[in-house]
Structure formats: C-alpha cells, structure tokens
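Residues per chain are reported as follows:
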Amino acid sequence: MSIELKHRCPTSIHEEFERKAGQTWTTHYCPGCGHGVVHKYVAEAIDDFGLQDNTVFVSPVGCAVFAYYYFDVGNIQVAHGRAPAAATALKRANPDSLVIGYQGDGDLAAIGGNEILHAANRGENVTIFFINNAIYGMTGGQMAPTTLMDMKTTTTPTGRHAENDGFPIRVCELLSTLDAPYYLERVAVGDPKHNNKARKAVHKAIENQVNNKGFSLVEILSPCPTSWKMSPVDAAHYNLEEMTKTFPLGVYRDGHELELGHPRRRREVAQRDIPAIIGAEVEQSDVDLPDHTTSIDEARYKVSGFGGQGVLLLGQMLSQAGMLARRQVSWMPSYGPEMRGGTANCSVTLSMQEIGSPVIQNPSVLVAMNQPSIERFARDVAPGGAILYNSSMVDQPPERDDVEVVPVAANEIADRLGDPTVANMVVLGALLEIGCAVSHEAVLAALPVVCKSRPQLIELNKKAIQEGISAVQAVKLS
Ligand SMILES: Cc1ncc(C[n+]2csc(CCOP(=O)(O)OP(=O)(O)O)c2C)c(N)n1
Ligand code: SF4
C-alpha cells in the first residue's frame, strides 16, 4: 500500500521567497529553528479565517526580521521592541484588519518590555506571538531576559548567575497580573503533540481578535539550535524538557467579562469643534471663515531658526489660520533642550486632505530664520518649492536653482518697527506674498487667537505682516 503525503503550503505564505536569488524556496532560518514552524501555524490560521488580504504582520528586529519575505499579507517591520505600539496604531486606525505582532524574547522582554506591558494593560485588540528561545539568536547568542539559570551564552560564558544577571522573566505570568489581557498561553514546539497544541493556541489567539475580544498573547518556547550549540534534535528535546521547567506550559488567562470597547473605532469629531476642543476658540474672529483658503491644495512648511526667534509661534499662526480656513492641519515642534538660543524648528502641514503623518521630510516651503537652518534643511526642499530666508541673519543664501529663493531682511524691518521680536511676523507676511495655503485674511483672523494673552501686540504684528508683504513686492519689482 502506498501512502500519499500531501503537504499544503498556506496561501498566506509566498510560494517562492524573493530574498535570495537561486534559493527562492528556502527561508533564512537555521535547520531546527522554531520560527519556521510558528510561521506556518500563523499563516494557516490567517487562511482559516480568510483574512489574508486583511492582515498586517508586524515583524520585529531579531531573526524574524525577514518575516515579510515569507508572509504574503500586509507587512510592516518596526524598530526593536516596538511591535506592540505599532500594532496598537494599526489596529486602532483599521479596526477591521487583523493585526499580528511577532516578537522574540530580546525584542519583547528586553528592549520592548515596556511596550508589551502597556499594550497588554490597555487590552489592545491585537494578537502577539512571542517566540521565546531564551537567547538573542540574530546577534550571535547573547543572554536574553529569558535565558535559563546557568545557561551559557556569549555574554554569560560561565552561565547565567543570579547575582550578576538576575532571573529569567516569565512573561505570561507577569502579564497575567494585569486585568486587561484576554488570552495568555504558553506552548512549545518540538514534537507533534506539542506542535499541535501550539497550532491550536495560535488559531485561538487570532480568533479572539476576529471576535473583538482584546489582547491575546501566545508565548511559544522555541528551539534555537545554533545559539544553543546543539543539533536540531537535541535542541527540540532541550526545549521540551529543560525550557518547560522554568517556563511551565499552560493557559494563564482565558477570557474575562471586561467591556473594553472593541472594536475601538476613531471617534468622529466634527471639524468645526476642533478649535474649541484644543482650546483655540475663534470667537474674536469676525471673518467669514469659508473664504480663507487659497488655491494651494497642500503645503508643507518647515520653519526653522534659533530659540527666541519665534519660529514655533510663526508655525502656530499658520496652523491657526489653517484651521480657520477649514484645512486639515498638523503642527509639530522640535527644539533643543535649551530654553533660549538653541535650535528650534516646526513642521506645519496645511492640507485639503487628511494628513497621514506630521513628519515632513521634503517641505514645499522652507522658512529659514538663520544660517544653520539653510545648511540643515535647504537641500530637503521639494523641487518647485520655495526657500524664504531671513537675509539679516543669512550670509550664504542657498544654492538651489530648482526652487524659488526669496530673501527678506526681517530683522532690519522689525528693528525699524521698534521691536526686534516681530521679525517672525515680517517673515509671515513675506510668506503670504510668495504664495501661501492660507489667505492674508485668515492670518489676520488668527492673530487674536494666537496673541490671546498679549492682545496689545496685535496691531504691531499686523504692521509687521504688512511690511513683510511689501518687502517681497519690492524684491519682485526690482
Ligand atoms: C535598537 C537596537 N538595539 C540592539 C539591536 C541589536 N539586536 C538585533 S536583534 C537583537 C536581539 C534579538 O533577539 P530576540 O528578540 O530574542 O530574537 P531572535 O533573534 O532570538 O529570534 C538585538 C539586541 C538592534 N538591532 N537595535
Ligand atoms: S539563530 Fe536561532 S533563532 Fe535565529 S534562525 Fe538560527 S536557530 Fe532560529
């Protein structure tokens, strides 16, 4: 009698892996490594729920960093230990997706120990697979928080000793002290019986998320023959016989009655309510709001200078005017530790569309209040954009011929107005004149809001803005 063996490759795993030319059928994992087995179970469970097209797999830093070569789903690879934070964001932004975090013990229990604790404590509706092989596999076998007592690693060559290295951290037990996690189980891979249990736990952890139950984590004890310096067979035995003494297998949490509000959908906030929510009421504005936009659909401003030049305030003016103009707005400040004199910049996006990220890599407009700002950001400005620089403090103008470069002697003009601190408003006026995503009226309407605590400055600022406009008009005429 002949027996026909049928091996099924889950649909959620690529048929061929593009990672290495000529070896498109092999993974990068060592023979006997647990990662490959767990990948298979995860992919099978994704298939079981028919969620291949709806899945986002969050790869860690560690041996599983290349999981995106194998899983034919949505993939993202994140910084060391940050899978729970990334998974939180992904799931909250897309509550209908299946979000899977996959982490090793170095990733989850060492550098990412804080992240996992808080994601579990919030009861995020995500699924985390925690591969505990008691060692840093990828970097050559250093001690991990889960390394067994007396276990030899490259950083504990005589074995792990409590007085120097502390004790193995038991993640399932630790997380089970929290109220919010919905499901915590520790399983192991190494023989068919254990593998089957692991497969079921993986399936259940995904099912929980599908049913909006909340945070599920499966810890999988997993052999690392290479760093353990064992044959694959010996490593599998060691995993089942020795690892389980320190890390007892079993279910540490299976369900609760807490109502944690899954799926957590973003609460819709009417745009007109946003200024009041963030404390930027516009009751002093008497301008007809919808007329404030200009024809520019989206503008990304980088406003840069040193602390005390009012670059953050300039950004706030743009943002406030943007809100009045019913734009989507983001304002992100960045400054050094000093209160005065250090560098400061802010990124402001004004858009007719939802803004994905407040980070601006290629500004459409750079407003440079001093020379270091030119050196730091001029090269980043998108071709076709503009650089507006404060010629009072910039000796070497930017050498770009694919962007509009406009000088404005902001400090001299401000001095003439009797107050050097309004140089930023002069530049704002200049910005309006070279073409801005908000109108002059919107900026004027924003002034009382931004200068709420010092209304006496409003008139002077208006003058400074007007002077900036005139300065650019004069440059254009010359
Ligand atoms: C911020 C940062 N710190 C350290 C490293 C080096 N590093 C890469 S992988 C790794 C540990 C991986 O071990 P583990 O999470 O247990 O996964 P394994 O490789 O065993 O699957 C470390 C420390 C890094 N890449 N980034
Ligand atoms: S080093 Fe260890 S964890 Fe990494 S691939 Fe090899 S066996 Fe797996």
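Residues numbered from 1 in each chain as written. Chains lettered and ligands numbered in written order. Predicted model: local features only at pLDDT ≥ 70, side-chain atom pairs only at ≥ 80, totals over all residues. Heavy atoms only, no water.

## Points about the overall build of the chain
- A tally of regular secondary structure across the chain gives 16 helices and 15 strands.
- The C-alpha radius of gyration of the chain comes to 29 Å, more than 25% above the 23 Å expected for a compact globule of 478 residues.
- Along the three orthogonal principal directions, the C-alpha set of the chain runs to about 95 × 50 × 45 Å.
- With 478 residues in all, the chain has 50% of them scored as buried.
- Taking as baseline every contact in the chain between residues at least 6 positions apart, the subset at least 24 positions apart corresponds to 66%.
- Summing over all exposed atoms, the chain offers an accessible surface of approximately 22,900 Å²; the carbon and sulfur share of this is 52%.
- Charge separation in the chain, taken as the distance between the mean sites of 41 positive and 54 negative side-chain charges, equals 5 Å. (Helix = DSSP H or I, 4+ residues; strand = E, 2+ residues; numbered from the N terminus. Rg over C-alpha atoms; globule rule 2.2 N^0.38 Å. Buried < 20%, exposed > 50% of the residue type's maximum accessible area, 1.4 Å probe, protein only. Contact = heavy atoms within 4.5 Å. Areas by Shrake-Rupley, 256 points an atom, 1.4 Å probe, with all protein chains shown as cover. Lys, Arg positive; Asp, Glu negative; His and termini not counted. Charge placed at Lys NZ, Arg CZ, Asp CG, Glu CD.)

## What about the site of ligand 1?
- In the vicinity of ligand 1 there are 16 residues, among which Cys63, Asp105, Gly106, Asp107 and Gly137 approach most closely.
- In the environment of ligand 1, an oxygen atom lies 2.7 Å from a nitrogen or oxygen atom belonging to the side chain of Asp105.
- Residue Ile135 places a main-chain N or O atom 3.1 Å away from an oxygen atom belonging to ligand 1.
- No other element matches helix 3 (residues 105-111), which puts four residues into the shell around ligand 1.
- Along the lines of polarity and charge, the residues of the shell around ligand 1 split into six nonpolar, eight polar and two charged. (Near = heavy atom within 4 Å. Polar contact = N/O pair within 3.5 Å; in protein donor to acceptor, adjacent residues only side chain to side chain. Nonpolar A, V, L, I, M, F, W, Y, C, P; charged D, E, K, R; others polar.)

## Re the confidence of the model for the chain
- Taken over all residues, the pLDDT of the chain has a mean of 91, while the share at 70 or more is 92%.
- Note that residues 284-292 has pLDDT below 50 and, in this model, 17 contacts with residues that lie over four places away or in other chains. (pLDDT = per-residue confidence, 0-100.)

## Some points on the site of ligand 2
- What surrounds ligand 2 is the set Tyr29, Cys30, Cys33, His35, Cys63, Asn133, Gly137, Cys224, Pro225 and Thr226.
- Here the shell around ligand 2 is composed, by residue class, of six nonpolar, four polar and no charged.

## Here we look at the packing of helix 11 (residues 311-324) against helix 15 (residues 440-450)
- At their nearest, the axes of helix 11 and helix 15 sit 8 Å apart, and the two run at 115° to each other. The crossing of helix 11 and helix 15 is right-handed. Between helix 11 and helix 15, the residues in contact are Leu313, Gln316, Met317, Gln320, Ala321 and Leu324 and Ala442, Val443, Ala445, Ala446, Leu447, Val449 and Val450, respectively.
- Class assignment for the residues of the contact of helix 11 with helix 15 results in 11 nonpolar, two polar and no charged. (Axes fitted to C-alpha atoms, helices over the stretch in contact; angles between N-to-C directions. Left-handed = near helix turned anticlockwise from the far one by under 90°.)

## Here's the deal with the environment of Thr244
- For Thr244, the location among the structural elements is in helix 9 (residues 232-246).
- A relative accessible area of 18% means that Thr244 is categorised as buried.
- Taking the C-alpha atoms as reference points, Thr244 and Leu460, 216 residues apart in sequence, are found 74 Å from one another.
- The residues contacting Thr244, other than those within four sequence positions of it, are Leu221, Asn239 and Leu249.
- Within the structure, the side chain of Thr244 is placed 2.5 Å from the backbone oxygen of Leu240, a separation counted as a polar contact.

## Side note on the domain arrangement of the chain
- Assigned domains within the chain: domain 1 (34-254) and domain 2 (271-477).
- Averaged C-alpha coordinates put domain 1 and domain 2 at centres separated by 47 Å. (Domains from an automatic or database assignment.)

## Focus on the packing of aromatic side chains
- In this structure the tally under the stated criterion is eight aromatic pairs.
- When the ring of Phe57 is compared with that of Phe71, the centres are 4.2 Å apart and the planes differ by 20°; the resulting orientation is stacked. In this pair, Phe57 is assigned in strand 1 (residues 55-59) and Phe71 in the loop between strand 1 and strand 2 (74-77), connecting sequence segments 14 residues apart. Pair check on accessibility: Phe57 and Phe71 agree, each one buried.
- Seen in terms of ring centroids, Phe66 and Tyr68 are 6.2 Å apart; in terms of plane orientation they differ by 90°. Their pairing is edge-to-face.
- An aromatic cluster is built from Phe17, Tyr29 and Tyr70, whose rings are joined through pairwise contacts. (Phe/Tyr/Trp six-rings, centres within 6.5 Å; stacked < 30°, edge-to-face > 60°.)

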